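A look at the structure
Chain residues, written in single-letter form:
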Amino acid sequence: MTSDPVRAIIAKLEDDYQRLRETIAGVPETRLTSSSAGDGWSAREILAHLANAEREHREVAKAILDGRTFELANFDLDRWNQAGVARRARQDVRTILDDLEAEHRAMIAFAAALSPEELEKKGRHPALGELSVRKLLRIVGLHQRMHQREIVALVAAGIDV
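The notes below deal with the structure included here. (Residues numbered from 1 in each chain as written. Predicted model: local features only at pLDDT ≥ 70, side-chain atom pairs only at ≥ 80, totals over all residues. Heavy atoms only, no water.)

**Describing the side chain of Glu-56**
Mapped onto the fold, Glu-56 is located in helix α3 (residues 43-66). Within the structure, Glu-56 has its side chain in polar contact with the side chain of Trp-80 (distance 3.2 Å). If we ignore the near neighbours within four places in the chain, the residues touching Glu-56 are Trp-80 and Arg-87. (Helix = DSSP H or I, 4+ residues; strand = E, 2+ residues; numbered from the N terminus. Polar contact = N/O pair within 3.5 Å; in protein donor to acceptor, adjacent residues only side chain to side chain. Contact = heavy atoms within 4.5 Å.)

**Digging into the nonpolar core**
Leu-114, Val-133 and Leu-137 are the most contacted members of the largest nonpolar core, which has 20 residues in total. Ranked by the residues each element gives to this core, the list is headed by helix α7 (residues 133-156), at 5 residues. Among all residues touching Leu-137, those that are not within four sequence positions of it are Ile-9, Leu-13, Met-107, Ala-111, Leu-114 and Leu-119. With 19 residues, the next largest nonpolar core counts Leu-20, Val-27, Ala-48 and Leu-154 among its residues. (Core = buried A, V, L, I, M, F, W, Y, C linked by side-chain atoms within 4.5 Å. Buried < 20%, exposed > 50% of the residue type's maximum accessible area, 1.4 Å probe, protein only.)

**Observations concerning the environment of Val-6**
Tracing the backbone through its elements, the reader meets Val-6 in helix α1 (residues 4-24). Each C-alpha atom, one on Val-6 and one on Ser-115, is 7.4 Å from the other, the two residues being 109 residues apart in sequence. Residue contacts for Val-6: discarding those within four places in its chain leaves Ala-111, Ala-112, Leu-114 and Leu-119.

**Topic: empty space enclosed by the protein**
By the definition in use, this model includes 1 cavity of 30 Å³ or more. Its volume calculated, the largest cavity comes out at about 50 Å³. What lines the largest cavity is simply His-49, Asn-52, Ala-53, Glu-56, Trp-80, Asn-81, Gly-84, Val-85 and Arg-87. Among the secondary structure elements, those contributing two or more residues to the lining of the largest cavity are α3 and α4 (77-87). It is α4 that contributes the most residues to the lining of the largest cavity, 5 residues altogether. (1 Å grid on protein atoms, 1.4 Å probe; cavity = no way out; pocket = protein on both sides within 12 Å on 5 of 7 lines; lining within 4 Å. Points joined across faces, edges and corners; volume = space filled by probe spheres on them.)

**Looking at the packing of α1 against helix α5 (residues 93-112)**
Following both chains from N to C, one finds α1 and α5 inclined at 170°, their axes separated by 9 Å at the closest point. When the axis of α1 is compared with that of α5, the two are roughly antiparallel. Two secondary-structure elements touch here, α1 through Val-6, Ile-10, Leu-13, Glu-14, Tyr-17, Leu-20, Arg-21 and Ile-24 and α5 through Leu-97, Leu-100, Glu-101, His-104, Arg-105, Met-107, Ile-108, Ala-111 and Ala-112. Taken together, the residues of the contact of α1 with α5 sort by class into 12 nonpolar, 1 polar and 4 charged. (Axes fitted to C-alpha atoms, helices over the stretch in contact; angles between N-to-C directions. Parallel < 35°, antiparallel > 145°, perpendicular 65-115°, else oblique. Nonpolar A, V, L, I, M, F, W, Y, C, P; charged D, E, K, R; others polar.)

**What to know about the pairing of strand β1 (residues 122-125)**
Two faces, one strand: in a regular strand the side chains alternate between the faces of the sheet. Relative to strand β2 (residues 129-132), β1 runs antiparallel, the two being bridged by 4 bridges. Along β2, the bridge assignment pairs Arg-124 with Glu-130. Linking two consecutive strands that pair antiparallel, namely β1 and β2, is a turn of 3 residues. (Pairing = 2+ DSSP bridges.)

Okay, structure coming up:
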């Protein structure tokens, strides 16, 4: 059974994901794989990163609920993210989008099973420090919105995203 705070979080996560999907709808696959300007990721790499992040944030949330610490020795967020994207270098855009969809659906199912009390449980995120499950789920949406805006900016700048 879900509660109002849980439904509100799910609605926001769904809205953020829908905006992301709308941003890339109609963009040819070949453009999604083209390099971005400067040192940034291409849209395809951003999508690969988001698929990884959905799973990783869910794993951190599960650890918090279980009272475990999700610690990684010598953790470096930038290196971690680059390695995750590199692991998907050979995947085509369709596979990445399918994985992103699956990870998003898993996140929604995870959130739907939470009680209001579980939302408030706190634990440690390897990069963000101590936070509640509620805040972690909000960060998932914020993270997705941030990267969605990057894709929008690439498109607006006329960069072959």
